[in-house]
Amino acid sequence: MSTELSRVVVAGLGYVGLPLAVRAAEVGHRVIGYDTDADRVKALDAGESYIEDVPSSRLAAVVDSGAFRPSAVTRACAGFDVAVITVPTPLREGLPDLSYVEAAARMLARFLRPGATVIVESTSYPGTTTEQVLPWLEDGSGLIGGTDFHLGYSPERIDPGNSTWTLVSTPKIVSGIDAGSVAAIGDFYAGIVETTVPVSAPSVAELAKIIENTFRHVNIALINEFAVFAHGLKIDIWEAIDAASTKPFGFMPFTPGPGVGGHCLPVDPCYLSWRVERALGQSFRFVELANDINNHMPDYVVRRLMLALNKRGRPVSGSRVLLLGLAYKKNTGDARESPAVRIAQLLTGMGADVRGADPHVAEFGLRDTVVPRVEPTSAEISRADAVILVTDHDAFDTDEIAQHASYVLDCRRVMSGDNVESL
Ligand SMILES: NC(=O)c1ccc[n+]([C@@H]2O[C@H](COP(=O)([O-])OP(=O)(O)OC[C@H]3O[C@@H](n4cnc5c(N)ncnc54)[C@H](O)[C@@H]3O)[C@@H](O)[C@H]2O)c1
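Given the structure is predicted, the values throughout are model-derived calculations rather than measurements.

Visitor: Go over empty space enclosed by the protein with me, naming the residues and quoting the values.
Guide: Empty pockets left among the atoms are what a rolling probe the size of a water molecule brings to light. All chains considered together, the criterion is met by 1 cavity of 30 Å³ or more. Approximately 50 Å³ is the volume attributed to the largest cavity. Around the largest cavity sit P155, E156, R157, I158, T166, L167, T170, P171 and K172, which together line it. Split by residue class, the lining of the largest cavity holds 4 nonpolar, 2 polar and 3 charged.

Set out below in structure tokens:
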């Protein structure tokens, strides 16, 4: 473990940046957390965390000790030894949008000093670190990467809500534009995480991250397609997956769901397919197919609900539908790209009276305009013509739901009963 402690800047205090900044402060670095969102900075400075994996008590401890200082002021970044870029890399009209990474890199370039290190953690296509970030840093600083400063890429593997594989226990891939950069970046993370995995080039680390996400994306799409066909064939897909999972080698179970969400799966594979298309003139067919299947799962959920209501002699129009779980992932409050948004929009468009409940999600859709929010009380459940369990948060009492609901479409197979159907 490295013992050298530094002045660290973490640019972007989101799901990736905040846990890293707090951990870096806990191991003894002096950390500036720079974020352009002044409201977020204010809340963090008051010790209020909005991320489940960083309890407010942990945040408050490093803020109070002065080890971690959130700031929305760029000059707070001056004098850094190590800066980590953890800003968003979304899609804009289906194309990679590196504008946040560029803004962060150009800002850091102004404060870059000889001997300092810049690390990119934001997910992007292979080539981003050397072809984009390096020139942004060199242009803005007048320094030469590899000679005057270190630069590399280290993908984040954070899995919100996973208490077994945390930032600390999950091995971290590290890379650099030259040997000195790999060594500097490896040293920094050796003090933060238990295991570092050096690779030969930033493009290898960038590709590794996208392989991991594309692997999940494609396998989820595959099992989703199985689920649709298995239902048509009147075979229990869940029992079949359990049976297949008894094979001790060569199989890894994935489960069907209402679609994919969050910042990673709907977005990252598209960065690679864009790159492949641009650089090689070829389409990445697996990614396109997986996108197509996963993006249509909300339509399938709605079709299943229509059939179920139809059996009960009810049209969707005028039916009261309660969505349980608006986050894309169990026990988290992250509703970005959540399939629940699309399900709500489709049902509302068909004239259903849709309500949503989620104890974790603070803000849903376009600032809560997508569906009215309710508490999942037994009265609310029994008043609904149908309940869709979109996300199986532990906070939901499935016995109570089964007891009071007239019909449940369970997208996660956590319930059973005569009034319950699984996806
Ligand atoms: N969320 C995950 O589970 C996860 C996992 C692995 C990798 N990633 C990748 O990590 C990156 C960050 O994702 P996230 O989920 O933490 O995003 P996020 O939206 O939660 O947080 C990003 C933060 O960056 C801030 N920001 C935007 N522009 C900025 C700028 N120019 N300077 C400083 N701050 C700025 C935003 O205000 C926000 O607080 C993305 O590339 C994502 O693909 C995310």
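Visitor: So what about the site of the ligand? Which residues, and what values?
Guide: The local shell around the ligand holds 27 residues, among which V16, D35, R40, T89 and T123 are the closest. A distance of 3.0 Å is found between an oxygen atom of the ligand and a backbone nitrogen or oxygen belonging to Y15. Across the complex, the protein chains shield 92% of the 830 Å² of accessible surface that the ligand would expose by itself. It is helix α4 (residues 99-109) that provides the largest number of residues to the shell around the ligand, a total of 3 residues.

Visitor: Give a detailed account of helix α3 (residues 56-64), specifying residues and quantitative values.
Guide: Considered for burial, the residues of α3 that qualify are L59, V62 and V63. For α3, the buried positions fall inside an angular range of 105° around the axis, keeping them on one side. Among the exposed residues of α3, those pointing more than 90 degrees away from its buried face are S57 and D64. The inward-facing, buried residues of α3 abut α1 (17-26), α2 (38-45) and β3 (68-71). Of the residues flanking the end of α3, it is G66, one or two places downstream, whose phi is positive at about 85°.

Visitor: Describe the sheet that holds strand β1 (residues 7-11), and please don't skip the residues or the numbers.
Guide: Strand pairs in the sheet, formed through backbone hydrogen bonds, run parallel or antiparallel to each other. One open sheet accounts for 6 strands, arranged β3-β2-β1-β4-β7-β8; its pairing is parallel. Because the sheet does not close on itself, it has two edges, and the strands there are β3 and β8 (150-153). For this sheet, the mean inter-axis angle between neighbouring strands, taken without regard to orientation, is 15°. Looking at chain direction, strand β4 (residues 82-85) and strand β7 (residues 117-120) are connected through 4 bridges and run parallel. The residue bridging A83 from the neighbouring strand is V118, located in β7.

Visitor: Let's hear about the pattern of salt bridges: which residues, and what values?
Guide: For the structure on display, the rule yields 16 salt bridges. One salt bridge connects E26 with R58, and the closest N-O pair in it is separated by 2.7 Å. One end of the pair, E26, is in helix α1; the other, R58, is in helix α3, and 32 residues separate them in sequence. Look at E26 and you get partly exposed, because its relative accessible area is 36%. What makes R58 partly exposed here is its relative accessible area of 29%. A salt bridge links E156 to K172, with the nearest nitrogen and oxygen atoms 4.0 Å apart. Within this pair, whereas E156 is found in the loop between β8 and β9 (172-174), its partner K172 is found in strand β9, the two being separated by 16 residues in sequence.

Visitor: Describe the sheet that holds strand β11 (residues 320-324), naming the residues involved and giving the relevant values.
Guide: Spatially, β12-β11-β13-β14-β15 is the arrangement adopted by the 5 strands of the open sheet, whose pairing is parallel. Edge positions in the open sheet fall to β12 (353-357) and β15 (420-422), since each of these has one partner strand only. Averaged over all pairs of adjacent strands, the angle between strand axes in this sheet comes to 20°, irrespective of strand direction. Bridge count between strand β14 (residues 408-410) and β15: 3 bridges; the pairing is parallel. When the bridges of β15 are listed, D410 appears paired with S422.

Parameters at a glance
Residues numbered from 1 in each chain as written. Predicted model: local features only at pLDDT ≥ 70, side-chain atom pairs only at ≥ 80, totals over all residues. Heavy atoms only, no water. 1 Å grid on protein atoms, 1.4 Å probe; cavity = no way out; pocket = protein on both sides within 12 Å on 5 of 7 lines; lining within 4 Å. Points joined across faces, edges and corners; volume = space filled by probe spheres on them. Nonpolar A, V, L, I, M, F, W, Y, C, P; charged D, E, K, R; others polar. Near = heavy atom within 4 Å. Polar contact = N/O pair within 3.5 Å; in protein donor to acceptor, adjacent residues only side chain to side chain. Areas by Shrake-Rupley, 256 points an atom, 1.4 Å probe, with all protein chains shown as cover. Helix = DSSP H or I, 4+ residues; strand = E, 2+ residues; numbered from the N terminus. Buried < 20%, exposed > 50% of the residue type's maximum accessible area, 1.4 Å probe, protein only. Arc of directions from axis to C-beta. Contact = heavy atoms within 4.5 Å. Pairing = 2+ DSSP bridges. Axes fitted to C-alpha atoms, helices over the stretch in contact; angles between N-to-C directions. Salt bridge = Lys/Arg side-chain N within 4 Å of Asp/Glu carboxyl O.

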